[in-house]
Amino acid sequence: MLHIDTPHRRLFRLTMGAVVSASVVLTATACGGSPSESGADQSSTATAAEGASPSETAQQETPESFVSRPDLTPPEVTVDKGEAWSDEHATTDDLTFVTPGFDGNKPTTGAMILDATGEPVWMLASDKEDPNGNYFDLRVQQYQGEPVLTYYLGSSGPGYGAGSFHVLDQNYQEITQVTTGGSLGAGKADFHDSTITDRGTMLLMAYVPTRVDLSKVGGPKDGWAMDGVIQEVDIATGEVLFEWSAMDHVPLTDTEKDFAKAKSEKEKTGTEELPFDYFHINSVREDDDGSLLVSARNTHAVYRLDRETGEVDWTLGGSSSDFEMGDGAEFQWQHDAQRAEDGTLTLFDNHNDTGDGDSSRGLRLELDEEAMTAEVVTEYAPPEDRPAGAMGNMQHLDNGNLLVGWGTRPFFSEYTDDGELVADATHGGNGSYRAYEQQWDGTPATDPDVKLQDEDGQRTAHVSWNGATEVEQWRLVTGSSEQDATAQEPVDRKGFETELPVTDDAQYVAVEALDKDGNVLGTGVAQD
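Residues numbered from 1 in each chain as written. Predicted model: local features only at pLDDT ≥ 70, side-chain atom pairs only at ≥ 80, totals over all residues. Heavy atoms only, no water.

### Structural notes on the sheet that holds strand S7 (residues 146–154)
Moving on, step 1. Strand order across the open sheet formed by four strands is S6-S7-S8-S9, with antiparallel pairing between neighbours. This sheet does not close on itself; its edge strands, each paired only once, are strand S6 (134–143) and strand S9 (174–178). Averaged over neighbouring strand pairs, the angle between their axes works out to 25° when direction is ignored.
Moving on, step 2. Across eight bridges, the pairing between S6 and S7 is antiparallel. Each residue of the ladder has a partner; that of Asn134, found in S7, is Gly154. (Pairing = 2+ DSSP bridges. Helix = DSSP H or I, 4+ residues; strand = E, 2+ residues; numbered from the N terminus. Axes fitted to C-alpha atoms, helices over the stretch in contact; angles between N-to-C directions.)

Below, the structure written as structure tokens:
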């Protein structure tokens, strides 16, 4: 949920936006190559999303800046109210987790947590000079009964990555890194997904170049294709407990990706240097009975796997679907398939891979696993056509609503369960791989950042604390030294950075962070 503007939120704009009914039935589009998932680097991408509107890209030119943290320049966030907006959506402690990408050095590209007004809470900037410095899939998960923050860090091109998932505690201290092992070796975890299970394991994916006969899809007999591999890894020990290979279970001929077209666009397609990406695995989640649900973009299909044997129980969608797809139920180039609590299956239906053409949508399907039919329950349509050529997700929220992250389109939207739009937000730039709305309490292990500035004879302390979620007020402490310093009246926190006038020529200036009960959470000493 997102709430209304307050005077100190300088870059947050909330407007009444036009809305449309979430009942559009989309038609199939031709196969194609996505700029983001066929070569572009999402987290430090070189070009804006194809077909982006001016409102999506203009915000790259208006980042906010902070005196206390000049290295962080968050984007402007704008939010339109939807038809289902009501006062109950006006306040929330939930935070939004995104990994936006921008063309230049400003706004900040990287991992970002936003509060309900669009103000940054925590930012971790990418190093655009480092090919392994790309952040993806920032979110809160549970590990050993405690909330943890997880994100991918590694490479991100062309359309897949190799790196590891970092696990942080509520002080933003790293608990561990999780990556592939066993037959794949370390450092091969892909950025698309990670899921921590109740057993203390993490489900990972990897893209593995494999020599294979491509003649049945129009390629060379002595060719190369990209296998999609799943590993379940024990977080504490790194032991691989389960491994599954797409090539062992899904034939190359099930691909919806046109080899000839891919070859014409990239001459080296089908070689060891650029294996043919026939499957493109992009999510793996546990089903209600412990089996695995796997989404493969380039077969237009979702698979349920037997957790013990690895066999495919059924295939939903694509050329080998075991289900009869009802009116409007077909999806293409999809992401993030998972089971909802009511037994339906949700996914983000990109419905195109070029960034133009038919609009993308969120999709909820009712699966009859006896009659083997799939019917549309609800479609979650954007306020206007929004074709996302790659990336994207859907999340079930605790309040019963759903959040849709629009991938290469830099938006995230909240909907009621039955598809009415609550709010539609954009951060500009080239999109975010996913978007999540979750609870998170963070208290950094570092001290608050305090920077003094003297303008026209007025000294001002600028204070921020990157990642702190419990700060309600700031209290200035000044004196000739730390020993004789006295505390001033507290001042309410105002966004990421708060300004506190320093009324004397004190040699010692510090600022205390206070929680709602007045307890001191941390103290930062001013730097000139």
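Read on, since the account is not over.
### Some details on the confidence of the model for the protein chain
Moving on, step 1. Residues with a pLDDT of 70 or more make up 88% of the protein chain, whose mean pLDDT is 89.
Moving on, step 2. Note on residues 1–61: pLDDT under 50 across the span, and 202 contacts to partners over four residues away in sequence or across chains. (pLDDT = per-residue confidence, 0-100. Contact = heavy atoms within 4.5 Å.)

### Topic: unusual backbone geometry
Moving on, step 1. Residue Pro107 is reached from Lys106 by a cis peptide bond, and omega for that bond is -5°.
Moving on, step 2. Summarising the element assignment, Pro107 is placed in the loop between strand S3 (95–100) and strand S4 (110–114).
Moving on, step 3. Residue Pro158 follows Gly157 across a cis peptide bond; omega there is 0°.
Moving on, step 4. Considering the arrangement of structural elements, one finds Pro158 in the loop between S7 and strand S8 (163–168).

### Brief notes about the pattern of salt bridges
Proximity of charged atoms lets side chains of opposite charge pair with each other.
Moving on, step 1. Here the structure, examined in full by the defined rule, presents 28 salt bridges.
Moving on, step 2. One salt bridge in this structure joins Asp193 and Arg285, with 3.2 Å as the shortest N-O distance. Residue Asp193 is found in the loop between S9 and strand S10 (195–196), and its partner Arg285 is found in strand S14 (residues 281–286); the two are separated by 92 residues along the sequence. The burial state of Asp193 is the same as that of Arg285; both residues are buried. (Salt bridge = Lys/Arg side-chain N within 4 Å of Asp/Glu carboxyl O. Buried < 20%, exposed > 50% of the residue type's maximum accessible area, 1.4 Å probe, protein only.)

### Let's talk about the nonpolar core
Moving on, step 1. Formed by 28 residues in total, the largest nonpolar core has its most connected members in Leu214, Ile230, Phe279 and Tyr303.
Moving on, step 2. Listing elements by their share of this core, those giving two or more residues are strand S11 (201–212), strand S12 (223–234), strand S13 (240–245), S14, strand S15 (292–296) and strand S16 (301–305).
Moving on, step 3. With four residues, S11 is the single largest residue contributor to this core.
Moving on, step 4. Ignoring any residue separated from it by four or fewer positions in sequence, one finds Phe279 in contact with Gly228, Trp244, Ala246, Val250, Ala296, Arg297, Asn298, Thr299 and Tyr303.
Moving on, step 5. Core analysis: the next-biggest nonpolar cluster, separate from the first, contains 18 residues, Val79, Ala84, Leu114 and Val422 among them. (Core = buried A, V, L, I, M, F, W, Y, C linked by side-chain atoms within 4.5 Å.)

### Concerning the sheet that holds S16
Moving on, step 1. Spatial ordering of the open sheet is given by S14-S15-S16-S17, a layout of four strands whose pairing is antiparallel. Every interior strand has two partners, whereas the edge strands, S14 and strand S17 (312–316), have only one. Sheet twist, expressed as the mean angle between neighbouring strand axes with direction ignored, is 20°.
Moving on, step 2. With five bridges joining them, S15 and S16 adopt antiparallel strand pairing. Paired with Ala296 across the bridge in S16 is Ala301.

### Some points on the layout of surface pockets
Moving on, step 1. A volume near 1200 Å³ is recorded for the largest pocket.
Moving on, step 2. Every residue lining the largest pocket is counted, 34 residues in all, and those nearest its centre are Arg139, Arg285, Gln338, Glu341 and His396.
Moving on, step 3. The set of elements that each furnish at least two residues to the lining of the largest pocket consists of S6, S10, S14, strand S19 (335–339), strand S23 (393–396) and strand S27 (432–438).
Moving on, step 4. Ranked by residue count, the leading element in the lining of the largest pocket is S6, at four residues.
Moving on, step 5. Its residues assigned to classes, the lining of the largest pocket shows eight nonpolar, eleven polar and 15 charged. (1 Å grid on protein atoms, 1.4 Å probe; cavity = no way out; pocket = protein on both sides within 12 Å on 5 of 7 lines; lining within 4 Å. Points joined across faces, edges and corners; volume = space filled by probe spheres on them. Nonpolar A, V, L, I, M, F, W, Y, C, P; charged D, E, K, R; others polar.)

### Here we look at the packing of aromatic side chains
Aromatic ring pairs are described here by two measures, namely the spacing of the ring centres and the angle between the planes.
Moving on, step 1. Scanning all chains against the criterion turns up 18 aromatic pairs.
Moving on, step 2. On the numbers, 5.7 Å between centres and 40° between planes, the contact of Tyr278 with Phe279 is tilted.
Moving on, step 3. Seen in terms of ring centroids, Phe348 and Trp406 are 5.6 Å apart; in terms of plane orientation they differ by 80°. Their pairing is edge-to-face. Pair noted here: Phe348 is in strand S20 (residues 345–349) and Trp406 is in the loop between strand S24 (402–405) and strand S25 (411–415), with a separation of 58 residues, a long-range link. A single burial state applies to Phe348 and to Trp406, both of which are buried.
Moving on, step 4. A network of ring pairs unites the aromatic residues Phe136, Tyr152, Phe165, Phe191 and Tyr433 as a single cluster.
Moving on, step 5. Cation over ring: Arg386 sits above Trp406, and NZ or CZ is 5.2 Å from the ring centre.
Moving on, step 6. Sitting over the face of the ring of Phe411, Arg386 holds its NZ or CZ atom 3.6 Å from the ring centroid. (Phe/Tyr/Trp six-rings, centres within 6.5 Å; stacked < 30°, edge-to-face > 60°. Lys NZ or Arg CZ within 6 Å of the ring centre and 35° of its normal.)

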